[in-house]
Amino acid sequence: QVQLVESGGGLVQAGGSLRLSCAASGGTVSAYAVGWFRQTPGKEREFVAAITRSGDTTDDADSVKGRFTISRDNAKNTVYLQMNSLKPEDTALYYCAAGYGYRLYLRSSEYAYWGQGTQVTVSS
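How each quantity is defined
Residues numbered from 1 in each chain as written. Predicted model: local features only at pLDDT ≥ 70, side-chain atom pairs only at ≥ 80, totals over all residues. Heavy atoms only, no water. Helix = DSSP H or I, 4+ residues; strand = E, 2+ residues; numbered from the N terminus. Buried < 20%, exposed > 50% of the residue type's maximum accessible area, 1.4 Å probe, protein only. Polar contact = N/O pair within 3.5 Å; in protein donor to acceptor, adjacent residues only side chain to side chain. Contact = heavy atoms within 4.5 Å. Phe/Tyr/Trp six-rings, centres within 6.5 Å; stacked < 30°, edge-to-face > 60°. Core = buried A, V, L, I, M, F, W, Y, C linked by side-chain atoms within 4.5 Å. Salt bridge = Lys/Arg side-chain N within 4 Å of Asp/Glu carboxyl O.

Draft legend 1. Highlighting the side chain of Thr78. On the secondary structure map, Thr78 appears in strand 8 (residues 78–83). Exposure remark for Thr78: the relative accessible area of 9% places this residue in the buried category. A polar contact is formed between the side chain of Thr78 and the backbone oxygen of Lys76, at a distance of 2.8 Å. The residues contacting Thr78, other than those within four sequence positions of it, are Ser21, Cys22, Ala23, Val29, Arg72 and Asp73.

Here you go:
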C-alpha cells in the first residue's frame, strides 16, 4: 500500500507563502486521487483542496480559493499545495490523503491512505 509523507510546513508571517509536498512511496501516486486537509485542535478535519488522478481537474475550499493551488508531478511521485497570502486562520496541521477512483473527492471518508501531517503556523 502507498505511504504518504508531507513536508514543507513551518512558521511564516501573514501574507507569506509556503509550498507543501506530499511524497508517495510503496506505490505510484498517479494511481490515486489526492486531497489536502487541515485540522486544528478540537475541530473536525477540514477539506482544503483535491486533484484527480490525471491532474486535469482540481477543487478547493472557499476559504482558500484564489490563494492555494494543488498540483501534481506524477514523474516525481509527489503532490503539492502552494499556499500564498497566508492568514493566521490558515494555521493548522495539514494532511495529504490518497484515494481510489477517477473523480474529485472532497470528504475525508473517501480517502484510504493518510500521511502524518505537517504543521503550518502563520503569525500575525
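Draft legend 2. Here's a closer look at the packing of aromatic side chains. Taken as a whole and judged by the stated rule, the model has 9 aromatic pairs. Centre to centre, the rings of Tyr95 and Trp114 are 6.3 Å apart; their planes meet at 80 degrees, and the pair counts as edge-to-face. In this pair, Tyr95 is assigned in strand 9 (residues 92–99) and Trp114 in strand 10 (residues 113–114), connecting sequence segments 19 residues apart. Taken together, the ring pairs in this structure connect Phe37, Phe47, Tyr95, Tyr105, Tyr111 and Trp114 into an aromatic cluster.

Draft legend 3. Just the nonpolar core, in detail. Core analysis: the largest hydrophobic core is formed by 37 residues, its most contacted members being Trp36, Leu81, Met83 and Tyr94. Secondary structure elements with two or more residues in this core: strand 3 (18–25), strand 4 (33–39), strand 5 (46–51), strand 7 (68–73), strand 8, strand 9 and strand 11 (118–123). With residues near it in sequence (within four places) discarded, Leu81 still touches Leu18, Arg19, Leu20, Trp36, Val48, Ala49, Phe68, Thr69, Ile70 and Tyr94.

Draft legend 4. Structural view of the pattern of salt bridges. Tallied over the full model, the rule gives 7 salt bridges. A salt bridge links Glu46 to Arg38; the shortest N-O distance between them is 2.8 Å. Relative accessible area serves as the criterion here: at 33%, Glu46 is assigned to the partly exposed category. Arg38 gets classed as buried once you look at its relative accessible area, which sits at 6%.

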